Amino acid sequence: MSIKDHIMMIRECTQNDLDALLKLYLQLHEDSVPEKDERLLSLWQRILDDRDHHIIVYEQDGRIVSSCVCVIIPNLTRGACPYAFIENVVTDSRYRGRGYATACLDYACDIAKRENCYKVMLMTGSKSESTLNFYKKAGFNCTDKTAFIRWI
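A quick note: this is a predicted structure, and the numbers were derived from the prediction, not measured. (Residues numbered from 1 in each chain as written. Predicted model: local features only at pLDDT ≥ 70, side-chain atom pairs only at ≥ 80, totals over all residues. Heavy atoms only, no water.)

J.: Mind showing me how you'd approach the side chain of Asp17 here?
T.: By the secondary structure assignment, Asp17 is in the loop between strand 1 (8-12) and helix 1 (18-25). Overall, Asp17 belongs to the buried group, its relative accessible area being 7%. For Asp17, the side chain forms a polar contact with the side chain of Arg11, separated by 2.6 Å. Among the polar contacts made by the side chain of Asp17, one reaches the main-chain amide nitrogen of Thr14 at a distance of 2.7 Å. Those residues in contact with Asp17, other than ones at most four positions away along the chain, are Arg11, Trp44 and Ile64. (Helix = DSSP H or I, 4+ residues; strand = E, 2+ residues; numbered from the N terminus. Buried < 20%, exposed > 50% of the residue type's maximum accessible area, 1.4 Å probe, protein only. Polar contact = N/O pair within 3.5 Å; in protein donor to acceptor, adjacent residues only side chain to side chain. Contact = heavy atoms within 4.5 Å.)

J.: Please clarify how the pairing of strand 3 (residues 63-73) should be interpreted in this entry.
T.: Residues in a regular strand point their side chains to alternate faces of the sheet. Of all 11 residues in strand 3, eight are buried, a share of seventy percent or more. Here strand 2 (residues 53-60) folds back onto strand 3 in antiparallel fashion, the turn holding two residues, of which Asp61 has a positive phi close to 50°. As defined by bridge partners, strand 3 adjoins strand 4 (residues 83-91) across seven bridges and the pair is classed as antiparallel. Note on strand 4: the bridge partner recorded for Val71 is Phe85. (Pairing = 2+ DSSP bridges.)

J.: Help me understand the sheet that holds strand 1, please; the structure alone is not making it clear to me.
T.: Two orientations exist for strands paired in a sheet by backbone hydrogen bonds: parallel and antiparallel. Read across the open sheet, the five strands follow the order 1-2-3-4-5; overall the sheet is mixed. The strands lining the two open edges of the sheet, one partner per strand, are strand 1 and strand 5 (120-122). Averaged over all pairs of adjacent strands, the angle between their axes in this sheet comes to 20°, without regard to strand direction. In this sheet, strand 2 lies alongside strand 1 in antiparallel orientation, the contact comprising five bridges. Looking at strand 2, one finds that Ile10 is bridged to Tyr58. (Axes fitted to C-alpha atoms, helices over the stretch in contact; angles between N-to-C directions.)

J.: It is not clear to me how the state of the cysteines should be interpreted in this structure. Could you clarify?
T.: What is meant by a disulfide is a covalent connection between two cysteines, made through their sulfur atoms. Under the defined criterion, the tally for this structure stands at zero disulfides. The structure places no disulfide on Cys81, whose sulfur is separated from the nearest cysteine sulfur, that of Cys117, by 8.3 Å. Overall, Cys81 belongs to the buried group, its relative accessible area being 16%. Here Cys142 stays unpaired: no disulfide links it, and the sulfur of Cys109, its closest cysteine neighbor, is 16 Å away. Residue classification places Cys142 among the exposed positions, given a relative accessible area of 56%. (Disulfide = S-S within 2.5 Å.)

That is the geometry; function is a separate question.
Shown next, in the form of structure tokens:
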């Protein structure tokens, strides 16, 4: 089967993507799919309704194989320009190394440019050299900022 035979699409998630997204998140750091109760469905709707919250998905043959989240954060500094934060970057292990996550990151950066953001940030908990090199190759650097986390 040639690449022309595959239907590929990068887009923002829709209402019907919740189950596929939760399943993909099992390869991120989750150990189970949360129960689709009222709290989860309310949270999902809140995310979908938030114009500053973007869940980007890469779909191949009708299956979500990669995703990231891009949140635009309003800001009173830097000429009142917002900034973007990327989180939850994940690709199904069977589809890694094909450029899908890079495409998602590029899409997120396009959103940030469209929203007049002055920077895009992301953090990773990974210490893997291949993961860190992936982010560097995608245009991110690890020298401009120092990240600190306080877990709650």
